[in-house]
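# Structural characterization, general
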Amino acid sequence: MSPRTPRTYWAAGTAVLLALLFAAAATVTAASGDSGTEEARTPGLHSADAGFARDMAVHHQQAVEMSFIVRDRTQDEAVRTLAYDIANTQANQRGMLLGWLDLWGLPKVVAGEPPMSWMGTGGDHAGHASGGHAGQSAAPGALMPGMATKEELARLDSASGRDAEVLFLQLMTDHHKGGVAMAEGCAQQCVTPVERELAQGMVDAQRSELTLMADMLGQRGATPRG
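All values derive from a computational prediction rather than experimental measurement. Residue positions are given per chain, counted from 1 along the sequence in the order it is written. In keeping with the predicted nature of the model, local features appear solely for residues at pLDDT of at least 70, side-chain atom pairs appear and are counted solely at 80 or more, and the whole-chain, interface and lining totals rest on all residues. Hydrogens are left out, water is left out, and the side-chain values use all remaining heavy atoms of the structure.

### Examining the pattern of salt bridges
Stated precisely, the cut-off is as follows: The term salt bridge refers to a side-chain nitrogen of Lys or Arg lying within 4 Å of a carboxyl oxygen of Asp or Glu. Only DSSP runs of H or I with at least four residues qualify as helices, and only runs of E with at least two residues qualify as strands; both kinds are numbered from the N terminus onward. In this scheme, a residue with accessible area under 20% of its type's maximum is buried, one over 50% is exposed, and one in between is partly exposed, where area comes from a 1.4 Å probe on protein chains only.
Taken as a whole and judged by the stated rule, the model has nine salt bridges. A salt bridge links Arg 225 to Glu 152; the shortest N-O distance between them is 3.0 Å. One end of the pair, Arg 225, is in the segment after helix H6 (193-219); the other, Glu 152, is in helix H4 (residues 150-158), with 73 residues separating them in the sequence. Of the charged contacts in the structure, one is a salt bridge between Asp 163 and Arg 162, with a shortest N-O distance of 3.9 Å. The class of Asp 163 is exposed, set by a relative accessible area of 52%. Given a relative accessible area of 42%, Arg 162 falls into the partly exposed group. Several salt bridges share partner residues, and in doing so they unite Asp 76, Glu 165 and Arg 220 into one network.

Rendered as structure tokens:
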């Protein structure tokens, strides 16, 4: 085991805990209308705030799905712990994002809206599965940056042991890279303070987990893809 691993686990665990604590506080703030101008700043249907909430809720759902798959495909405690942390954190954050859309009176799905259209043209983040840039909207039905394909999910579901661990860590590394790019976009463009802060918290936590996953892949004689 790498000597960096205990410190990396501690950093990732701390980031996850802080993200969960922030999630609870942010939900209370948003629900209570803490700002006197909250109503005047309610995001519009195609705003960065609403678009990020919709897209990241979908993005998070796949991370939760992959995490539950790998927990049934390996007995490795380190991978199972990481999977649990990711599933727990992102399920909570997803609930917040969907809750905000309800508070704003906005739909969770907008027919015909391409993924990432909320990011406009200002971004320059490479998209993994979309084959484009996170700063450019994808065609309707296209995958968002970092999301695994149906074929990749099927491979994960049929793998076991070390093969499942390596594939999960590689897929989740891609997923986190895409998630970081999206969250950076919201941190820069969203106007709702609690959502910007949540997005920055996602950036910090997922970057920490990227370091952890790179170490875990190295311990298994593998590397991140691409």
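### Brief notes about the state of the cysteines
The criterion, for reference: Two cysteine sulfurs form what is called a disulfide whenever their separation falls within 2.5 Å.
Counted under the stated rule, the structure contains one disulfide. Through a disulfide, Cys 186 is tied to Cys 190; the S-S separation comes to 2.2 Å. Its S-S torsion of approximately -120 degrees makes the covalent link between Cys 186 and Cys 190 left-handed. An identical accessibility class is assigned to Cys 186 and Cys 190; each is buried.

### A few points about H6
Under the convention used in this document: A helix is expected to span 1.5 Å for every residue after the first.
Counted at 1.5 Å a residue, the expected span for H6 with its 27 residues is 39 Å, and the 40 Å between its end C-alpha atoms agrees. Positive backbone phi, approximately 70 degrees, marks Gly 221, located one or two places after H6.

### Looking at the confidence of the model for the chain
It should be kept in mind that the predicted coordinates are not to be read in detail where pLDDT is low. The line we're drawing: A residue's pLDDT is the confidence the predictor assigns to it, expressed on a 0 to 100 scale. Here a residue-residue contact requires only that any non-hydrogen atoms of the pair lie within 4.5 Å.
The share of residues in the chain with pLDDT of 70 or more is 73%, and the mean pLDDT across the chain is 82. Counting contacts from residues 1-21, a segment whose pLDDT is below 50, to residues more than four positions away or on other chains yields 26 contacts.

### Structural notes on the packing of helix H2 (residues 48-71) against helix H5 (residues 161-189)
Just so we agree on the cut-off: Lines fitted to the C-alpha atoms define the axes, with helices restricted to the stretch that makes contact. Angles between their N-to-C directions range from 0 to 180 degrees. Our angle categories are set so that under 35 degrees counts as roughly parallel, over 145 as roughly antiparallel, 65 to 115 as roughly perpendicular, and the remainder as oblique. Two helices cross in a left-handed way if the nearer one is turned anticlockwise from the farther one by less than a right angle. They cross in a right-handed way if the turn is clockwise. Residues are grouped as follows: Ala, Val, Leu, Ile, Met, Phe, Trp, Tyr, Cys and Pro are nonpolar; Asp, Glu, Lys and Arg are charged; every other residue, Gly included, is polar.
For the pair H2 and H5, the least separation of the axes is 10 Å and the interaxial angle reads 165 degrees. Judged on the interaxial angle alone, H5 and H2 are roughly antiparallel. Classified by chirality, the crossing of H5 by H2 is left-handed. On H5, the residues that touch Ala 48, Phe 52, Asp 55, Met 56, His 59, Gln 62, Ala 63, Met 66, Ser 67 and Val 70 of H2 are Ala 164, Phe 168, Leu 171, Met 172, His 175, Gly 178, Gly 179, Met 182, Ala 183, Cys 186 and Gln 189. Here the contact of H2 with H5 is built from residues that sort into 13 nonpolar, seven polar and one charged.

### Notes on the environment of Gln 200
Note that Gln 200 resides in helix H6. The spatial distance from the C-alpha of Gln 200 to the C-alpha of Gln 188 is 9.2 Å, given a sequence separation of twelve residues.

### A word on the side chain of Glu 113
What counts, and what does not: N or O atoms within 3.5 Å of each other form a polar contact, as long as, within protein, one can give a hydrogen and the other can take it, and as long as residues adjacent in sequence are counted only when both atoms are side-chain atoms.
Counting through the fold element by element, Glu 113 comes out in the loop between helix H3 (77-103) and H4. Reaching out from Glu 113, the side chain makes a polar contact with the side chain of His 46 at a distance of 3.3 Å. For Glu 113, the side chain forms a polar contact with the side chain of Arg 54, separated by 3.1 Å.

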